[in-house]
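As a plain string of letters, each chain reads:
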Amino acid sequence: MAADPPAPVRAADLFVRHPANPILTADAWPYAVNTVFNPGATTTPDGGTVLVCRVEDRRGVSHLTVARSDDGVSGWRVDPKPLLAGDEDDPTNRWGVEDPRVTRVDAMDGWVIAYTAYGPAGPCVALALTRDFETVEQLGVVMPPEDKNACLLPRKIDGNFILFHRPTSSSSHRADVWLSRSSDLRAWSNPEPVLAARAGTWWDSVRIGMGPPPLETEHGWLGIYHGVRNTVAGPAYRAGLVLLDLADPSVVKHRSPEWVLSPATDYERQGDVPNVVFPSGLVHDPATDELRLYYGAADTSIAVATARLSEVLAYLLTCPEGETIES
Ligand code: BMA
């Protein structure tokens with residue numbers, strides 16, 4: 001008699017918090033800061049992990065600083081100065097730079113950092129290029145205010161780079177994921193709707209935003225996004241999954257009804273902003289099937305959770321398509 005197939009892993013069990021969490025806090029910084037959180041992540045050819053961390057200084061202004069580790073969990077070496085910071089004389093980022101997402105682009109032999117620039121007109125999306133995480137070339141603002149939560153796919157599709165982002169305006173209550181296309185990272189097409197915040201009491205009913213750059217898999221682009229629900233105790237930030245069509249990433253193939261990560265530990269439930277899990281960096285090791293998801297915890301520290309890509313995809317393929325943005 002054939003053995004029963006293994007039971008599918010439940011959504012809440014897919015990602016396992018690392019016992020070393022939180023893996024980075026302000027105490028690890030070589031200079032005085034308030035908090036470190038919401039990092040972009042990538043691996044380097046030597047097998048090391050690079051995090052581009054959002055660092056909030058003791059004025060409340062954020063900049064981006066690099067931390068490196070051989071195993072992606074411990075032994076972090078934090079740079080003595082920022083990789084990227086706002087400029088008092090630049091109205092687009094006078095109030096700092098936040099929430100970087102890092103994409104390895106092989107065709108450019110480098111990495112693109114998509115981040116939120118913050119100034120009096122509101123948050124907007126800016127891009128920077130780096131080949132070494134020591135210097136950056138700033139491309140400047142690519143999506144005007146208000147817009148944030150941007151990340152780039154690692155390769156062109158039909159001749160165009162794809163940038164996910166989250167435009168909002170004071171005349172609309174919507175805060176959904178859209179994408180724009182560009183052949184040169186400078187001139188971008190009008191946004192196309194991708195994924196909508198769900199209605200009612202859902203965990204992702206108020207705002208959503210794409211987290212790390214989606215990962216290319218045989219079944220589609222694996223996206224991890226954050227969703228916000230308002231409660232009388234304040235907002236709660238959680239993480240869920242989406243699988244996008246490989247040929248056209250504006251098409252949602254599957255979306256997790258349930259979250260996969262929700263504030264539960266002390267470091268996620270207590271901090272400068274309580275009850276926040278903010279997914280922002282993802283690395284995958286094809287040799288071991290392991291995913292490492294880096295996330296900000298309570299806007300105060302950096303944590304990591306691991307999963308098996310095969311289990312994540314097996315779960316997602318059982319999920320429905322989900323809702324699209326209403327026109
Ligand atoms: C969002 C962003 C994130 C932050 C989150 C929770 O609007 O600003 O940087 O982690 O709020 O405060």
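Structure report, in brief. (Residues numbered from 1 in each chain as written. Predicted model: local features only at pLDDT ≥ 70, side-chain atom pairs only at ≥ 80, totals over all residues. Heavy atoms only, no water.)

So, on to the overall build of the chain. Counting its secondary structure elements, the chain contains 2 helices and 21 strands. A compact globule built from 327 residues should have a C-alpha radius of gyration of about 20 Å, and the chain, at 18 Å, falls within 12% of that. Counting every position in the chain, which comprises 327 residues, the buried fraction comes to 54%. Partitioning the intrachain contacts of the chain with sequence separation of at least 6 by distance along the chain shows that 51% fall at a separation of at least 24. (Helix = DSSP H or I, 4+ residues; strand = E, 2+ residues; numbered from the N terminus. Rg over C-alpha atoms; globule rule 2.2 N^0.38 Å. Buried < 20%, exposed > 50% of the residue type's maximum accessible area, 1.4 Å probe, protein only. Contact = heavy atoms within 4.5 Å.)

A few words on the sheet that holds strand β19 (residues 277–285). Across the sheet, 4 strands lie side by side as β1-β21-β20-β19; this open sheet has antiparallel pairing. In this open sheet, the two edge strands, each paired with only one partner strand, are β1 (16–17) and β19. With 8 bridges connecting them, strand β20 (residues 290–297) and strand β21 (residues 301–308) associate as antiparallel partners. Bridge pairing links L291 to A307 in β21. Packing of helix α2 (residues 309–316) onto the sheet brings it into contact with β19, β20 and β21, and relative to β21 it is tilted by some 75°. (Pairing = 2+ DSSP bridges. Axes fitted to C-alpha atoms, helices over the stretch in contact; angles between N-to-C directions.)

Turning our eyes to something else, we now look at the site of the ligand. Near the ligand you find N38, R54, D99, K148, Y237, V273, V276, F278 and D299, and these make up its full shell. For the ligand, an oxygen atom lies 3.0 Å from a polar atom in the side chain of N38. Between an oxygen atom of the ligand and a side-chain N or O atom of D299, the distance comes to 2.6 Å. Here the ligand, which alone exposes 310 Å², has 82% of that area covered by the protein. If you map the ligand onto the pockets, it falls in the second largest pocket. Per-class residue counts for the shell around the ligand are 4 nonpolar, 1 polar and 4 charged. (Near = heavy atom within 4 Å. Polar contact = N/O pair within 3.5 Å; in protein donor to acceptor, adjacent residues only side chain to side chain. Areas by Shrake-Rupley, 256 points an atom, 1.4 Å probe, with all protein chains shown as cover. 1 Å grid on protein atoms, 1.4 Å probe; cavity = no way out; pocket = protein on both sides within 12 Å on 5 of 7 lines; lining within 4 Å. Sits in = over half its atoms within 2 Å of the grid points. Nonpolar A, V, L, I, M, F, W, Y, C, P; charged D, E, K, R; others polar.)

This next bit is on the environment of V242. Note that V242 resides in strand β17 (residues 234–244). Accessibility expressed as a relative area gives 0% for V242, which makes it buried. Distance from V242 to L317, taken between C-alpha atoms, is 9.8 Å for residues 75 residues apart in sequence. The residues contacting V242, other than those within four sequence positions of it, are L195, M210, W221, L222, G223, Y225, V252, H254, R255 and L316.

The strand order across the open sheet built from 4 strands is β6-β7-β8-β9, with neighbouring strands paired in antiparallel fashion. Pairing within the sheet leaves two strands with one partner each, and these edge strands are β6 (97–105) and β9 (137–143). If you compare each strand with its neighbour and ignore which way they point, the axes differ by 25° on average.

Turning to its location among the elements, R54 is positioned in strand β3 (residues 49–56). With relative accessibility at 9%, the residue R54 sits in the buried group. At 2.9 Å, the side chain of R54 and the side chain of S62 are in polar contact. Look past the residues within four positions of R54 in its chain and what remains in contact with it is T35, V36, F37, N38, S62, H63, L64, E98, D99 and P100.

Estimates place the volume of the largest pocket at around 470 Å³. In terms of lining residues, the largest pocket is bounded by 17 residues, among which T42, R104, L215, L282 and H284 are the most central. Elements with a contribution of two residues or more to the lining of the largest pocket: β2 (35–43), β6, β15 (215–217) and β19. A per-class count over the lining of the largest pocket returns 10 nonpolar, 4 polar and 3 charged. Taken as a whole, the second largest pocket holds about 250 Å³ of empty space. Around the second largest pocket, the lining comprises 15 residues; the ones closest to its centre are R54, D99, K148, Y237 and F278. The set of elements that each furnish at least two residues to the lining of the second largest pocket consists of β2, β6 and β10 (147–152). Tallied by class, the residues present in the lining of the second largest pocket amount to 5 nonpolar, 3 polar and 7 charged. (Points joined across faces, edges and corners; volume = space filled by probe spheres on them.)

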